[in-house]
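# Close look at the chain arrangement
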Amino acid sequence: MKLPPLEPGISISRAATTSRRAWELHNPPPPALSRGQAEPAPQKWRSTLAVERRLAGLLLPHWPMVLLGVGITVLDTVVGLAKPWPMKVLVDSALGTHPFFGLGHEASLLVAVLATLVLFLLAGGLGLAQTAVLFGLAQRLIAGLREQTFEHLTRLSLRYHDDKGTGDSLFRVANDTYAVQSVLLDGVLPLVASTLSIGGTLAVLFGLDPVFAVLAMVSVPAAAVASSRFTLRINQASKLLQERESDVYAHAERTLGGIRTVQAFARERHETSLFRERVLASRRAMLRLVTAQTLFGLVVDLVLAVGLAVITYVAARRALSGVISVGEVLVVITYIGTLYAPISGFTTNFGQLKAATAAAQRVFQVLDEEPPPTRRRAAPPAS
């Protein structure tokens, strides 16, 4: 095959003797897509739900550790729900006129202080245990997925490697496989903890006063609408960022791998210019993703702030009328913050989960590539 012309003054015979690396350098991958445009994906990858289900399937072989992690998360949620009550004892019993099981002011103060200390120690211990169990599980999943992806890449056809490039494959093995850890530690675990916290908080509020539970849920539908509006935008921005980062990695690998050819044909400035374009495209993709996640968080926080203001007003009015005590007002406000913090945290967790899903999508695209049929070696001739 005849190489394309390189620079004026270089003969065809000299160009024909260059390595295949020269052909790759002078035939770079297709130009970067326009700003905001993601690489077209096959139809089966348009639903991120399928990718998320497949990621969840990786957890099934490790179900004992998953159950242990979930159990620790449940205990941590229970401890978190108990934290506001020592403050009620402090305000109503130690400093107020409502005895705590017949105890005096000094005894109530001691109970409030000791309960606060015990609860925080329990929360810290459970947090350490949760980190040890789930981080160890995440590292196992990463190692397994990396090995599986690398092994599959070694069996794919040379045409696949010629089309994708070594840099893209390295990025998928080294970086995109971390999606498993992100899904587990930044996605699934916070979502499970937030769901448990929301359910427990609503149950406690309903026990205190059903009006507070109803008012607390008023802001949730509006937050859900905002979430649905930003879902597609964040998912597209996450996928675009992964593609642009892979372009940077692939161009650097291709250029530095053929550095002899680059210097032989004085292509340093040209390759640097191409690399700069890919870096700028990656930066624009990152800014687009961060902007979408930030706007998502601001909209949700605004909706929840309105709900918190309404509940604070209602609780204060009930305290002034003598329906509830001052300590109960503080407990209600604390629980509302406990309720709204996980809902607001859904914005961050949701964005991280979508980014991890986009990375996992690229890994699964590799694993779904069919390797060429294995050729059987001819049997040795009979002696």
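What counts and what doesn't
- Residues numbered from 1 in each chain as written.
- Predicted model: local features only at pLDDT ≥ 70, side-chain atom pairs only at ≥ 80, totals over all residues.
- Heavy atoms only, no water.
- Helix = DSSP H or I, 4+ residues; strand = E, 2+ residues; numbered from the N terminus.
- Contact = heavy atoms within 4.5 Å.
- Areas by Shrake-Rupley, 256 points an atom, 1.4 Å probe, with all protein chains shown as cover.
- Expected span 1.5 Å × (residues − 1).
- Bend = angle between axes of the 7 residues up to and from the residue.
- Patch = residues over 30% accessible without salt bridge, like charges linked within 9 Å, V, L, I, M, F, W, Y side chains within 5 Å.
- Salt bridge = Lys/Arg side-chain N within 4 Å of Asp/Glu carboxyl O.
- Buried < 20%, exposed > 50% of the residue type's maximum accessible area, 1.4 Å probe, protein only.
- Axes fitted to C-alpha atoms, helices over the stretch in contact; angles between N-to-C directions.
- Parallel < 35°, antiparallel > 145°, perpendicular 65-115°, else oblique.
- Left-handed = near helix turned anticlockwise from the far one by under 90°.
- Nonpolar A, V, L, I, M, F, W, Y, C, P; charged D, E, K, R; others polar.
- Core = buried A, V, L, I, M, F, W, Y, C linked by side-chain atoms within 4.5 Å.
- pLDDT = per-residue confidence, 0-100.
- Polar contact = N/O pair within 3.5 Å; in protein donor to acceptor, adjacent residues only side chain to side chain.
- Phe/Tyr/Trp six-rings, centres within 6.5 Å; stacked < 30°, edge-to-face > 60°.
- Lys NZ or Arg CZ within 6 Å of the ring centre and 35° of its normal.

For the chain, the count of helices and strands is 13 helices and zero strands. By sequence separation, contacts in the chain at least 24 residues apart represent 84% of the contacts at least 6 residues apart. Of the accessible surface of the chain, which amounts to about 21600 Å², a share of 65% is contributed by carbon and sulfur atoms.

Time to look at helix 10 (residues 210-257). The end-to-end C-alpha distance of helix 10, which contains 48 residues, comes to 67 Å, matching closely the 70 Å that a straight helix rising 1.5 Å per residue would cover. The largest bend along helix 10 measures about 35° and falls at Phe-230.

Moving on, we come to a nonpolar patch on the surface. A surface patch of nonpolar side chains, amounting to about 270 Å² of accessible area, comprises Val-70, Val-74, Val-78 and Leu-196. Here the element with the most residues in the nonpolar patch is helix 4 (residues 63-82); it accounts for three residues. Inspection of the secondary structure puts Val-74 in helix 4. For Val-74, a relative accessible area of 34% corresponds to the partly exposed category.

The next thing to look at is the environment of Tyr-160. Examined against the element boundaries, Tyr-160 turns out to sit in helix 7 (residues 158-164). Measuring from C-alpha to C-alpha, the distance between Tyr-160 and Pro-371 comes to 9.3 Å, with 211 residues separating the pair along the chain.

To continue, consider the packing of helix 5 (residues 84-94) against helix 6 (residues 105-155). Two numbers describe how helix 5 lies on helix 6: the axes approach to 8 Å, and their chain directions differ by 170°. Taken together, the axis directions place helix 5 and helix 6 in an arrangement best described as roughly antiparallel. Contact residues: Pro-86, Val-89, Leu-90, Ser-93 and Ala-94 in helix 5; His-105, Ser-108, Leu-109, Ala-112, Ala-115, Thr-116 and Leu-119 in helix 6.

Taken N-terminus to C-terminus, the directions of helix 8 (residues 166-174) and helix 10 make an angle of 125°; their axes are 7 Å apart at the nearest point. Judged by the angle between their axes, helix 8 and helix 10 are oblique. Seen along the crossing, helix 8 lies across helix 10 with a hand that is right-handed. Touching Thr-166, Gly-167, Asp-168, Leu-170 and Phe-171 of helix 8 are Gln-242, Glu-245, Ser-246, Tyr-249, Ala-250 and Glu-253, all from helix 10. The class makeup of the residues in the contact of helix 8 with helix 10 is four nonpolar, four polar and three charged.

The subject of this paragraph is the nonpolar core. Within soluble globular proteins, side chains that are nonpolar tend to cluster in buried spots. Residues Leu-205, Phe-212, Ala-216, Ile-311 and Ile-336 are the most contacted members of the largest nonpolar core, which totals 30 residues. When residues of this core are traced back to their parent elements, those giving at least two are helix 9 (179-208), helix 10, helix 12 (268-320) and helix 13 (326-367). Broken down by element, the residue count for this core peaks at 10 residues, all from helix 10. Not counting chain neighbours up to four residues away, the residues in contact with Ile-311 comprise Phe-212, Leu-215, Ala-216, Val-332, Ile-336 and Tyr-340. Membership of the second largest hydrophobic core comes to 18 residues, among which are Leu-59, Ala-138, Ala-360 and Leu-367.

With that settled, consider the pattern of salt bridges. In the structure shown here, the tally under the stated rule is nine salt bridges. Residues Arg-318 and Asp-209 are paired through a salt bridge, measuring 2.9 Å at the closest nitrogen-oxygen approach. Remark: Asp-209 occurs in the loop between helix 9 and helix 10 and Arg-318 occurs in helix 12; sequence separation between them is 109 residues. Take Asp-209: its relative accessible area is 9%, and that puts it in the buried class. Between Glu-243 and Arg-362 there is a salt bridge, with the nearest N and O atoms lying 3.4 Å from each other. Remark: Arg-362 occurs in helix 13 and Glu-243 occurs in helix 10; sequence separation between them is 119 residues. With a relative accessible area of 0%, Arg-362 lands in the buried category.

Summing up the model confidence of the chain, the mean pLDDT is 77 and the portion of residues at 70 or higher is 80%. Within the chain, helix 1 (residues 12-16) has the poorest average pLDDT of any element, 36, and helix 6 the best, 89. When the criterion is pLDDT under 50, residues 1-46 qualifies, and its contacts beyond four places in sequence or with other chains add up to 61 contacts.

Another aspect to go through is the side chain of Ser-282. On the secondary structure map, Ser-282 appears in helix 12. Polar side-chain contacts of Ser-282 include one of 2.2 Å to the side chain of Glu-245. What Ser-282 contacts, discounting residues up to four positions off in sequence, is Leu-241, Arg-244, Glu-245 and Val-248.

What follows deals with unusual backbone geometry. Of all residues except glycine, most have a negative phi; of all peptide bonds, most are trans. You will see that Ala-266, though not glycine, has its phi angle at about 55°, which is positive. Topologically, Ala-266 is positioned in the loop between helix 11 (259-264) and helix 12. Taking the relative accessible area as the measure of exposure, Ala-266 reaches 59% and is therefore exposed.

Moving on, we come to the packing of aromatic side chains. Using the criterion set out here, one finds three aromatic pairs in the structure. Seen in terms of ring centroids, Phe-100 and Phe-101 are 4.8 Å apart; in terms of plane orientation they differ by 80°. Their pairing is edge-to-face. Looking at Lys-83, its charged tip hangs above the ring of Phe-120, at a distance of 4.5 Å from the centre. In this structure, Arg-318 is placed above the aromatic ring of Phe-212, and the distance from its NZ or CZ to the ring centre is 6.0 Å.

Here helix 4 contains 20 residues, and its C-alpha end-to-end distance of 29 Å stays within 8% of the 28 Å for a straight helix at 1.5 Å per residue. Regarding helix 4, the residues found buried are Gly-69, Ile-72, Thr-73, Thr-77, Val-79 and Leu-81.

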